[in-house]
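What follows is each chain in one-letter form.
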Amino acid sequence: MIQEFTLRVLPEVAANEHNLKEYLKQEKGLSSQDITAIRVFKRSIDARQRTVFVNLSVRVFLNEMPDEPTYRPIAYPIVDGRPAVIVVGAGPGGLFAALRLIELGLRPIVVERGKDVRERKKDLAQISRMQVVDPESNYSFGEGGAGAYSDGKLYTRSKKRGNVEKILSVFCQHGASESILVDAHPHIGTDKLPRVIENIRRTILQCGGEVHFQTRMDALVLEGDRVIGIRTDSGDLYRGAVILATGHSARDVYRWLAENQVEMEAKGIAVGVRLEHPAKLIDCMQYHNKEGRGAYLPAAEYSFVTQVAGRGVYSFCMCPGGFVVPAASGPEQLVVNGMSPSSRGSQWSNSGMVVELHPEDLSDKSLRVEGGEPLSGSSVLDVMHFQEQLERLCWQQGNRQQTAPAQRMYDFCTKRLSADLPQSSYAPGLLASPLHFWMPSFISARLAEGFRIFGRNARGFLTNEAVMIGVETRTSAPVRIVRDRVTLQHIRLKGLFPCGEGAGYAGGIVSAAIDGERCAEAAACFLTGSEPQ
Ligand SMILES: Cc1cc2nc3c(=O)[nH]c(=O)nc-3n(C[C@H](O)[C@H](O)[C@H](O)COP(=O)(O)OP(=O)(O)OC[C@H]3O[C@@H](n4cnc5c(N)ncnc54)[C@H](O)[C@@H]3O)c2cc1C
């Protein structure tokens, strides 16, 4: 017999099957000898009250064993000799497009400018050790894209549950823990992601697809209003319809598109800093306990949002128990981001703290970047130019290296240079700097007010134990490569499928993956002449 229960239990009860069995015995009158297995199929933490509870949905198997798999693996067919589709970029968008093409009986040819996920790791280490960024192999470029050495949080605002579950199942099929199917806030962790990505590559190759590393697309090949392939940095020509999944850091791609009058539109982004607290401080604050999280709870999360002077100010991509990382993708840039390992065990918790910007804000004098050309918002690439100006200024403030300019949080709000800085997870090092002075006041004034509001709502959050690290600029794409809503092709260029975050149609790993699948389906319709669903 199978019985289902919705339980609200203490963290120590949810911690293992033995404790759950005891609980079910006492609270539900079940005999622990009869319980052959317990399957948790939903798990979330409720920390709103002083006592923290874990909400569980469980299936209890009495005198029988579960015979249903937790997910249905996909049987990927061999696609040797089938029509090819070129996928540019091996981030989540590109990789999930490639897998879906195989499912649909098409042969993906994946072209990736960076190195494979293991080789890439050495270049990431060099950023901290030697202060140099390889423009082809960094936190944005290389196998797995920005998703590889990311935090690996897999929650999304996408409302399409079926699509999200499919993506999570594919991750599990390629080696991710099945806990991601259960947790309200699924997380893989940066230590586990590379193996999952390698397994995805293996599937693509075993089925007859191709993956070309260190191969950069330098141009689309056009015949009138039709894309017939791509040309690479070594001059090779790959022919076929193109899924363009190059991410939001491929500024050379945006430049090529603008120079070749490929229709794009400017898009808003959000800009600010990474804010890092001691993890224990966030745990105490969120779990209402001065001892911290105890033995059974994970490092605590937070999420803040408010409006200041007509623009959103919010926390972004929170990494409990994580690290702040140097995420530049080229010379003379300083950009930070955050990630965490699966254990979420570091002694710090960080989050982007950003202010929403609209393209029309660029004409506002208070958004002018010191030393940068005035931007009117009249060029489609102006938001990208703004990102470049701010990243360059930040690099200058950081001693023209990857050492990041930083300021204690309370000092920033009271406009004081920090006399010293707290210890930080940011490996290339921090340099005390007056962020309140050199960041455009459009951003700094709103951030300071946002911090005051968040500090009033969450006691202890606004503190000099926290450090702000400059700058967080790559929150989303600065343009949208405009595509048809039904065919997902570029509005003018047939055979071109702008895809994922870089095209302006996704934000995050899961939504990029979903968009990759949709673009693969659209490319299949294009090749067979069938109607898109
Ligand atoms: C440190 C960090 C932490 C993050 N944490 C999370 C998180 O926890 N959860 C989450 O949902 N999101 C997170 N993100 C964001 C997430 O990684 C991105 O939203 C996602 O990877 C976007 O997927 P994509 O495939 O559209 O683009 P990308 O992942 O950016 O992939 C684009 C790929 O295209 C390649 N490319 C670019 N130009 C060319 C060219 N000309 N020729 C060939 N190849 C090219 C790049 O090398 C890259 O591999 C994080 C990002 C970073 C940097």
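Participant: Break down the pattern of salt bridges for me, citing the residues and quoting the values.
Facilitator: In total, this model carries 36 salt bridges according to the counting rule given. One salt bridge connects E143 with R201, and the closest N-O pair in it is separated by 2.7 Å. With E143 in the loop between α4 (117-130) and α5 (161-173) and R201 in helix α6 (residues 193-206), the pair connects residues that are 58 residues apart, well separated along the chain. A salt bridge links R408 to D420; the nearest nitrogen and oxygen atoms lie 3.0 Å apart. Of the two residues, R408 is situated in strand β18 (residues 404-408) and D420 in the loop between α10 (409-413) and β19 (430-432); the sequence distance between them amounts to twelve residues. R408 gets classed as buried once you look at its relative accessible area, which sits at 15%. Since its relative accessible area comes to 46%, D420 is described here as partly exposed.

Participant: Summarise the site of the ligand; cite the residues concerned and give the values.
Facilitator: In the vicinity of the ligand lie 37 residues, with G93, E112, A146, E501 and I509 positioned nearest. G147 has a polar backbone atom sitting 3.1 Å from an oxygen atom of the ligand. G152 places a main-chain nitrogen or oxygen 3.2 Å from an oxygen atom of the ligand. Contact with the protein chains covers 95% of the free accessible surface of the ligand, which is 1000 Å². Broken down by secondary-structure element, the contributors of at least two residues to the shell around the ligand are α3 (92-103), β16 (336-339) and α13 (509-528). Broken down by class, the residue content of the shell around the ligand amounts to 15 nonpolar, 16 polar and six charged.

Participant: So what about the sheet that holds strand β8 (residues 226-232)? Which residues, and what values?
Facilitator: Taken in spatial order, the three strands line up as β7-β8-β9 in an open sheet, and their pairing is antiparallel. Edge positions in the sheet fall to β7 (217-223) and β9 (237-239), since each of these pairs with one other strand and no more. Along the sheet, successive strands turn relative to each other by an average axial angle of 30°, direction set aside. Inspection of the sheet shows β7 paired to β8 by six bridges, in the antiparallel sense. By the bridge assignment for β8, L222 is matched with V227.

Participant: How would you sum up empty space enclosed by the protein? Please name residues and give values.
Facilitator: Counted by the stated rule, this structure contains two cavities of 30 Å³ or more. Volume-wise, the largest cavity comes out at about 70 Å³. Taken together, P92, L95, F96, G144, G147, F171, L193, I197, I200 and I509 form the lining of the largest cavity. Elements that contribute at least two residues to the lining of the largest cavity include exactly α3 and α6. For the lining of the largest cavity, the class distribution of residues is eight nonpolar, two polar and no charged. Each pocket or cavity is described by its volume, and for the second largest cavity that value is around 30 Å³. L244, T246, G247, Y254, I481, C499, G502 and A503 are the residues that line the second largest cavity. A per-class count over the lining of the second largest cavity returns five nonpolar, three polar and no charged.

Participant: So, the sheet that holds strand β6 (residues 210-212): which residues are in play, and what are the values?
Facilitator: Here five strands make up an open sheet; going across it, the order is β6-β5-β4-β10-β22 and the pairing parallel. Only two strands of the sheet have a single partner each, and these edge strands are β6 and β22 (496-498). Taken pair by pair, the neighbouring strands of this sheet meet at an average axis angle of 15°, ignoring direction. Alignment of strand β5 (residues 107-111) against β6, held across three bridges, turns out to be parallel. Counterpart to V110 in the pairing with β6 is V211. Where α3 meets the sheet, its contacts fall on β4 (84-88), β5 and β10 (241-244), and the angle it forms with β5 comes to roughly 160°. With respect to the sheet, α13 is in contact with β4, β10 and β22, its orientation differing from that of β22 by roughly 165°.

Participant: Pulling in residues and values, what's your account of the pairing of β4?
Facilitator: Summarising burial for β4: four of the five residues are buried, a large majority. Sheet topology note: the β4/β5 ladder contains five bridges and is parallel. Bridge pairing in β5 links A84 to R107. With four bridges connecting them, β4 and β10 associate as parallel partners. Bridging from a neighbouring strand, V88 pairs with L244 of β10.

Participant: Tell me about the packing of aromatic side chains, and name the residues and values.
Facilitator: On inspection of all chains with the given rule, the structure shows seven aromatic pairs. Chaining the aromatic ring pairs together yields one cluster made of Y302, F304, F454 and F461. The ring of F442 has R446 sitting right over it, with the charged end atom 4.0 Å from the ring centre.

Participant: Can you explain the nonpolar core? Please cite residues and give values.
Facilitator: Counting residues in hydrophobic clusters, the biggest one holds 60 residues, and the most contacted among them are F171 and I243. Elements with a contribution of two residues or more to this core: β4, α3, α4, α5, α6, β10 and α13. For this core, the element with the highest residue contribution is α13, accounting for nine residues. Domain assignment of the residues forming this core places at least three in each of domain 2 (84-266 + 481-528) and domain 3 (269-472). Discounting chain neighbours no more than four positions away, the residues touching I243 are V85, I86, V87, V88, A97, L101, F497, C499, C519, A520 and A523. Grouped together as the second largest cluster of nonpolar side chains are 55 residues, M318, L447, A448 and A466 included.

What counts and what doesn't
- For every chain, the first residue of its written sequence is number 1, and the numbers climb from 1 along that sequence.
- Side-chain atom pairs in this predicted model are given and counted only at pLDDT of 80 or more, local residue features only at pLDDT of at least 70, and totals for whole chains, interfaces and linings cover all residues.
- Think of the side-chain values as coming from all heavy atoms in the structure, minus any hydrogens and water.
- Here a salt bridge means any side-chain nitrogen of Lys or Arg lying within 4 Å of a carboxyl oxygen belonging to Asp or Glu.
- Numbering of helices and strands runs from the N terminus; a helix is a DSSP stretch of H or I covering at least four residues, while a strand is a stretch of E covering at least two.
- Under the scheme applied here, a residue whose accessible area is under 20% of the maximum for its type counts as buried, over 50% as exposed, and between as partly exposed, the area being computed with a 1.4 Å probe on protein chains only.
- The rule for a residue being near a molecule or strand is that one of its heavy atoms must lie within 4 Å of it.
- Pairing of N or O atoms within 3.5 Å defines a polar contact, subject to two protein rules: one partner must be a possible hydrogen donor and the other a possible acceptor, and residues neighboring in sequence count only if both atoms are side-chain atoms.
- The Shrake-Rupley method, run with a 1.4 Å probe, gives the accessible areas here. Residue values count only the displayed protein chains as cover.
- In this classification, Asp, Glu, Lys and Arg are treated as charged, Ala, Val, Leu, Ile, Met, Phe, Trp, Tyr, Cys and Pro as nonpolar, and every other residue, Gly included, as polar.
- Two strands are counted as paired when DSSP detects at least two bridges linking them.
- The axes used here are C-alpha line fits, helices contributing only the stretch in contact, and every angle between their N-to-C directions lies in the interval 0 to 180 degrees.
- Here a cavity denotes a set of grid points, spaced 1 Å apart and computed over the protein atoms alone, in which a 1.4 Å probe fits but from which it cannot get out, and a pocket denotes an open set meeting protein on both sides within 12 Å along at least five of seven lines; residues with an atom within 4 Å of a point are reported as lining.
- Grid points are joined across faces, edges and corners, and a volume is the space filled by probe spheres set on the points.
- Residue contacts are defined here by distance: any two heavy atoms, one from each residue, within 4.5 Å place the two residues in contact.
- In summary, the pairing rule links any two rings of Phe, Tyr or Trp, Trp by its six-membered ring, whose centres are within 6.5 Å, and it sorts them by plane angle into stacked for under 30 degrees, edge-to-face for over 60 and tilted for everything else.
- By definition, being over a ring means that NZ of Lys or CZ of Arg is both within 6 Å of the ring centre and within 35 degrees of the ring normal.
- In this description, a nonpolar core means a group of buried Ala, Val, Leu, Ile, Met, Phe, Trp, Tyr and Cys residues linked to one another through side-chain atoms lying within 4.5 Å.
- Where each domain begins and ends is defined by an automated method or by a domain database.

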